[in-house]
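As a plain string of letters, each chain reads:
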Amino acid sequence: MSTLRLQGDSAFPPPPHDAVAQFGERSAPRRRRVLVVDDERLIVDTVVQILNIHGYDAFGAYSANDAMKLAESFLPDFLLSDVMMPGTNGIELAVAVQEMLPEVRVLLFSGQAGTSQLIENRNLPFALEAKPIHPDKLIKTLENLGRRR
């Protein structure tokens with residue numbers, strides 16, 4: 001997979017091309033974009049590959065700070081983020097991304113017990129799944145989130 005480097009050691013796939021500009025107005029509809037964020041590189045890289053295989057345009061970031069930079073240019077339809085990360089956590093990231101992109105749908109995942117309480121206490125409209133998540137369940141959850149709006 002080719003990558004685009006930003007500050008730090010985070011790596012991202014190259015930005016997508018504008019399909020309408022490249023192929024004209026009669027091209028296929030734009031694939032849904034997913035920004036995947038986790039401080040564990042293997043998880044990000046694996047989930048990005050799974051989503052790309054299933055028809056999404058998925059891009060990864062290894063920190064919340066890099067995810068915010070990428071979200072500004074990538075304009076994801078979905079944010080898929082781990083909750084517990086060094087620095088800015090996934091909940092704070094999701095709130096910030098939704099402020100910037102109000103239509104983004106958020107799916108958080110966590111291997112920590114009690115994470116759902118953090119979301120419920122703040123009355124946030126985010127979906128939460130346990131980590132690890134099976135690829136079939138991930139795809140189904142994203143499809144369901146896509147139907148909600």
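See the structure above.
Keep in mind it's a predicted model, so treat the numbers as computed, not measured.

Conventions used here
Counting restarts for each chain: residues are numbered from 1 in the order of the written sequence. Totals for whole chains, interfaces and linings use every residue, but because this is a predicted model, local features are given only for residues with pLDDT of at least 70 and side-chain atom pairs only at 80 or more, for both listing and counting. The basis for every side-chain value is the complete set of heavy atoms in the structure, and neither hydrogens nor water enter the calculation. Think of it this way: any DSSP run of H or I at least four residues long counts as a helix, any run of E at least two long counts as a strand, and we number them from the N terminus. Buried residues are those whose accessible area, probed at 1.4 Å on protein chains only, stays under 20% of the maximum for their type, while exposed residues exceed 50% and partly exposed ones sit between those limits. By the convention used here, residues are in contact when the closest approach between their heavy atoms is within 4.5 Å. Values of accessible area rely on a 1.4 Å probe in the Shrake-Rupley scheme; residue burial ignores everything except the protein chains shown. Note on aromatic pairs: the rings of Phe, Tyr and Trp (six-membered ring only in Trp) are paired at centre separations within 6.5 Å, and the planes decide the class, stacked below 30 degrees, edge-to-face beyond 60, tilted for the rest. Remark: a charge is flagged as sitting over a ring if the NZ atom of Lys or the CZ atom of Arg is within 6 Å of the ring centre and within 35 degrees of the ring normal.

1. A short note on the overall build of the chain
1) Next: Secondary structure summary: the chain contains six helices and seven strands in total.
2) Next: Secondary structure elements of the chain occur, N-terminal to C-terminal, as β-β-α-β-α-β-α-β-α-β-α-β-α.
3) Next: Within the chain, the proportion of its 149 residues that are buried is 43%.
4) Next: Considering only intrachain contacts with a sequence separation of at least 6, the fraction spanning at least 24 residues in the chain is 63%.
5) Next: Accessible surface, the chain: about 8,500 Å² in total, of which carbon and sulfur atoms supply 52%.

2. Regarding the environment of V106
1) Next: When you line up the elements, V106 lands in strand β6 (residues 105-110).
2) Next: Each C-alpha atom of the pair V106 and A94 lies 6.7 Å from the other, and the pair is twelve residues apart in sequence.
3) Next: In this structure, V106 is in contact with L79, A94, Q98, F126, A127 and L145, ignoring residues within four places of it in sequence.

3. Some details on unusual backbone geometry
1) Next: Residue P132 follows K131 across a cis peptide bond; omega there is 5°.
2) Next: Among the structural elements, P132 can be located in the loop between β7 (127-130) and α6 (135-147).
3) Next: Despite not being glycine, L75 has its phi angle at roughly 50°, a positive value.
4) Next: Relative to the helices and strands, L75 resides in the loop between α3 (64-74) and β5 (78-82).

4. Some points on the packing of aromatic side chains
1) Next: The tally for this structure, following the rule as stated, stands at two aromatic pairs.
2) Next: Aromatic pair Y56 and F78: ring centres 6.2 Å apart, planes at 75°, arrangement edge-to-face. Of this pair, Y56 sits in the loop between α2 (41-53) and β4 (57-61) while F78 sits in strand β5; the two residues are 22 residues apart in sequence, bridging distant segments of the chain. With respect to class, Y56 is no different from F78; both count as buried.
3) Next: Sitting over the ring of Y62, R41 keeps its end group 4.3 Å from the ring centre.
4) Next: When the ring centre of F78 is taken as origin, the NZ or CZ atom of R105, which lies over that ring, is 4.9 Å away.

By themselves, these are just geometric observations and shouldn't be taken as functional.
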